[in-house]
Amino acid sequence: MPKAYVFTRNGGPEVEETTDLERPEPGPGELLVAVRAAGVNPVDWKLRTGYTRPGSEPEPFPTVFGSEAAGVVVATGSGVEGFAPGDEVFGNPLTGGYAEYTLMPVAVTAPKPAGLSFTDAAVLPVAAATAYDGVRQLDPAPGSTLLVTGAGGGVGSAAVQLARHAGVRVLGVASDAKKDFVESLGAEHIPSGPGLADRVRAAAPEGVDAVFDLVGGDTLREAAALVDPAALISAGGKSLVAELGGEPVRRARTAAVLDEVARLVVEGVLRTQVTRTVPLDRAGEALRAVEDGHALGKTVIEVTA
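Residues numbered from 1 in each chain as written. Predicted model: local features only at pLDDT ≥ 70, side-chain atom pairs only at ≥ 80, totals over all residues. Heavy atoms only, no water.

1. Some remarks on the nonpolar core
Phase 1: Counting residues in hydrophobic clusters, the biggest one holds 48 residues, and the most contacted among them are Phe-90, Leu-124, Leu-146, Val-148 and Phe-212.
Phase 2: Counting 29 residues, the second largest nonpolar core, distinct from the first, contains Tyr-5, Val-33, Val-64 and Phe-65. (Core = buried A, V, L, I, M, F, W, Y, C linked by side-chain atoms within 4.5 Å. Buried < 20%, exposed > 50% of the residue type's maximum accessible area, 1.4 Å probe, protein only.)

2. Re the side chain of Lys-298
Phase 1: The residue Lys-298 is located in strand β16 (residues 298–302) in this model.
Phase 2: Under the relative-accessibility criterion, Lys-298 is labelled buried at 3%.
Phase 3: Not counting chain neighbours up to four residues away, the residues in contact with Lys-298 comprise Val-40, Asn-41, Glu-68, Val-123, Ala-127, Gly-154, Thr-272, Gln-273, Val-274, Thr-275 and Arg-276. (Helix = DSSP H or I, 4+ residues; strand = E, 2+ residues; numbered from the N terminus. Contact = heavy atoms within 4.5 Å.)

3. Describing the pattern of salt bridges
Phase 1: The final tally for this structure, using the stated rule, is 18 salt bridges.
Phase 2: For the salt bridge of Glu-68 with Lys-298, the shortest nitrogen-to-oxygen distance reads 2.7 Å. Note that Glu-68 is positioned in the loop between β4 (63–64) and β5 (69–76) and Lys-298 in strand β16, a separation of 230 residues in sequence. Of the two residues, Glu-68 and Lys-298, neither departs from the other in class, the shared state being buried. (Salt bridge = Lys/Arg side-chain N within 4 Å of Asp/Glu carboxyl O.)

4. Topic: the sheet that holds strand β1 (residues 3–7)
Phase 1: Read across the sheet, 3 strands follow the order β2-β1-β4 without closing on themselves; strand pairing throughout is antiparallel. Looking at which strands have only one partner, the edges of the open sheet turn out to be β2 (16–20) and β4.
Phase 2: Strand direction decides the pairing type here: β1 and β4, joined by 2 bridges, are antiparallel. Looking at the pairing, Val-6 lines up with Val-64 of β4. (Pairing = 2+ DSSP bridges.)

5. A short note on the side chain of Asp-213
Phase 1: Here Asp-213 is to be found in strand β12 (residues 210–213).
Phase 2: From its side chain, Asp-213 meets the backbone nitrogen of Val-215 in a polar contact 3.1 Å long. (Polar contact = N/O pair within 3.5 Å; in protein donor to acceptor, adjacent residues only side chain to side chain.)

6. Some details on the packing of aromatic side chains
Phase 1: On inspection of all chains with the given rule, the structure shows 4 aromatic pairs.
Phase 2: Geometrically, the ring pair formed by Phe-7 and Phe-61 is edge-to-face, given 6.0 Å between the ring centres and 65° between the ring planes. On the criterion of sequence distance, the pair formed by Phe-7 in strand β1 and Phe-61 in the loop between α1 (42–48) and β4 is long-range, its members being 54 residues apart.
Phase 3: Classification of Phe-7 as buried rests on a relative accessible area of 5%. (Phe/Tyr/Trp six-rings, centres within 6.5 Å; stacked < 30°, edge-to-face > 60°.)

Below is the structure:
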């Protein structure tokens with residue numbers, strides 16, 4: 001039977017396991033996909049702890065990890081047009097990406113360009129697409145200054161590159177261990193930790209024009225003091241940013257956005273920054289790296305064909 005990495009109840013890492021699951025059957029508007037790669041994101045472990053996405057119901061246990069994946073279409077459900085078995089695709093899985101097989105809804109699935117690897121495609125539906133949506137939401141003007149917190153992670157590294165491509169000066173907040181990485185993206189590194197606002201003011205005495213937060217908590221509170229609330233968005237503290245007068249990142253979640261970020265990667269505008277890959281049987285190791293908060297760039301689980 002196909003393998004999958006799941007959590008069997010809400011809790012910590014002790015509720016995770018590799019297990020055998022029946023191959024799912026595609027329903028109307030769905031694709032059955034043989035997974036070749038799955039991106040690892042903070043939301044994966046947060047769902048394990050009991051977090052539920054707004055407007056969603058908790059998944060039945062065992063729940064397969066993974067919110068973004070790439071692979072090959074095996075079968076299509078009724079009413080599906082534009083996809084056929086053998087097509088290479090990427091998108092947001094319905095039944096988790098840390099598995100040999102998953103279901104993908106056609107509304108958030110896109111064809112994988114031939115020039116894009118499965119590994120690189122697998123990190124676009126959540127990380128790169130969130131960055132794309134956030135930068136588009138802020139719409140920073142060329143020459144303006146954008147502060148990105150969590151600039152060394154998957155979403156942050158993509159946001160830095162997209163903003164720099166638009167001619168924006170970027171101050172990237174990250175740990176000292178990620179300084180070289182953040183600067184390689186074209187950002188000016190700002191060390192994370194208490195006193196962040198003072199360090200930003202020292203680096204940009206004229207002020208910053210907008211903040212794209214990916215951390216939440218105290219980091220978001222300090223960053224919020226630097227800008228007008230109308231120029232503050234967050235994907236790391238959605239409730240808190242609303243309290244502070246800003247907005248959560250408005251996610252489009254469309255195949256059109258996936259097509260666009262893939263185009264940017266193929267054209268060399270956006271680098272996926274995949275810094276670590278592990279096989280499916282070591283999925284827990286990949287998840288720990290992201291959950292511990294020390295992962296650099298993107299971590300990907302690769303599934304053998």
